Amino acid sequence: MTRVRCRQLAPRIGEPDYNHAQILESIRASGGVDLLVLPELASSGYMFHDEAEARSVAMTPADDRVAEWVEAVPQDTIVACGYPELGDDGVVYNSAMLFDGSGVLANYRKVHLWHEENTVFRAGDERAPVVDTRLGRLGLMVCYDLEFPEYTRNVAMRGADALVVPTNWPLVERPEGERPPEVVIAQAAARTNKMAVICCDRSGVERGQEWNEGTTVISHEGWVVAEVDASGAAECDLDLQAGRDKRIGPHNHLFEDRRPDVY
């Protein structure tokens, strides 16, 4: 079993030192956790006025602050964290990285930008990575990417045991008792691909924007197995490899039953 923890943070825009300290504290407190997931843009906050403001706090995977994160990782823990990336091409991306104590395992630039992100960031042009780790094969996406079923299916068909998703889900109205729609979408992605989906949202209010605070861990069967508690964390034990067999009974197979010839 894999011990998973999502730590729902409230980064402050314009206060990178505060955000960096929050990330370090979360990493250092993750002893005994196999997989720690932090929110989208955890190092910066989200509600940028423009590209110039995002650029002022953007960093590269080789930044000294990333080196501090790596150095702080407890033995045998893997961390996912969102941040604004300054690319070698001079462009700012909404990115997430997967790392452990040995260094950065994968870096991903969000492909599907949401709303005003289109005025701040450039969309990535490389597909979501699937990384072989000691825990299993981990896919990495960011927030709105999750809402494209062909994209989550692609990661599953490339062998992902779990999909790790740092998010910032703006608060949306919903009927009493219903989960945020993004969580419902994540459940569907998990169920239709027999792949765990691990979503870490953020909290707080930023420039008037509230958030769903919908941090959720979903099993490969599509069931919610952990939600955020009063401490701001969602934590559980999860069998990340339980969904590798894509058969459903004696006559059906999730991937082999596909009919792309008629889609």
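Residues numbered from 1 in each chain as written. Predicted model: local features only at pLDDT ≥ 70, side-chain atom pairs only at ≥ 80, totals over all residues. Heavy atoms only, no water.

A. Local environment of helix α1 (residues 16-28). Between the first and last C-alpha of α1 there are 18 Å, a value that for 13 residues agrees with the 18 Å anticipated at 1.5 Å per step. Regarding α1, the residues found buried are N19, H20, Q22, I23, L24, S26 and I27. (Helix = DSSP H or I, 4+ residues; strand = E, 2+ residues; numbered from the N terminus. Expected span 1.5 Å × (residues − 1). Buried < 20%, exposed > 50% of the residue type's maximum accessible area, 1.4 Å probe, protein only.)

B. Looking closely at the sheet that holds strand β7 (residues 136-140). Pairing within the open sheet is mixed, and its 6 strands lie in the order β6-β7-β8-β9-β10-β11. The open sheet has two edge strands, β6 (130-133) and β11 (224-227), and neither has a second partner. If you compare each strand with its neighbour and ignore which way they point, the axes differ by 20° on average. When strand β9 (residues 196-200) meets strand β10 (residues 216-218), the two strands line up antiparallel, connected through 3 bridges. Bridge pairing in β10 links I198 to V217. Its contacts with the sheet put helix α5 (residues 181-193) on β9, β10 and β11, and the angle it makes with β10 is roughly 20°. (Pairing = 2+ DSSP bridges. Axes fitted to C-alpha atoms, helices over the stretch in contact; angles between N-to-C directions. Contact = heavy atoms within 4.5 Å.)

C. Molecular detail of the pattern of salt bridges. Counted by the stated rule, this structure contains 16 salt bridges. Residues E235 and R3 are paired through a salt bridge, measuring 3.0 Å at the closest nitrogen-oxygen approach. You can see E235 sitting in strand β12 (residues 233-238) and its partner R3 sitting in strand β1 (residues 2-7), a full 232 residues away along the chain. Looking at R3, the relative accessible area reads 27%, which means it is partly exposed. Linking D161 and R244 is a salt bridge whose minimum nitrogen-to-oxygen distance equals 2.8 Å. You can see D161 sitting in the loop between α4 (149-157) and β8 (162-166) and its partner R244 sitting in the loop between β12 and β13 (247-248), a full 83 residues away along the chain. R244 sits in the partly exposed class, given a relative accessible area of 36%. One network of salt bridges, with partners in common, ties together R3, R5, E235 and D237. (Salt bridge = Lys/Arg side-chain N within 4 Å of Asp/Glu carboxyl O.)

D. Local environment of the environment of R191. With respect to the secondary-structure elements, R191 resides in helix α5. Each C-alpha atom, one on R191 and one on W223, is 7.9 Å from the other, the two residues being 32 residues apart in sequence.

E. Looking closely at the packing of aromatic side chains. Under the definition given, this model contains 5 aromatic pairs. Taking 5.6 Å as the distance between ring centres and 85° as the angle between the ring planes, the aromatic pair formed by Y46 and W211 counts as edge-to-face. Placement of Y46 in the loop between β2 (35-37) and α2 (51-57) and of W211 in the loop between β9 and β10 is noted, with a sequence separation of 165 residues between them. On the basis of relative accessibility, which here comes to 12%, the residue Y46 falls in the buried class. Relative to F148, the ring of Y144 lies with its centre 5.1 Å away and its plane at 75°, an arrangement referred to as edge-to-face. Note on F148: relative accessible area 22%, which makes it partly exposed. Cluster of aromatic residues (ring-pair linked, three or more members): W114, Y144 and F148. One cation-aromatic arrangement involves R12 over Y18; the distance from NZ or CZ to the ring centre is 3.7 Å. (Phe/Tyr/Trp six-rings, centres within 6.5 Å; stacked < 30°, edge-to-face > 60°. Lys NZ or Arg CZ within 6 Å of the ring centre and 35° of its normal.)

F. Representation of unusual backbone geometry within the structure. Positive phi, close to 45°, is recorded for K194, a residue that is not glycine. Inspection of the secondary structure assignment puts K194 in the loop between α5 and β9. K194 sits in the buried class, given a relative accessible area of 19%.

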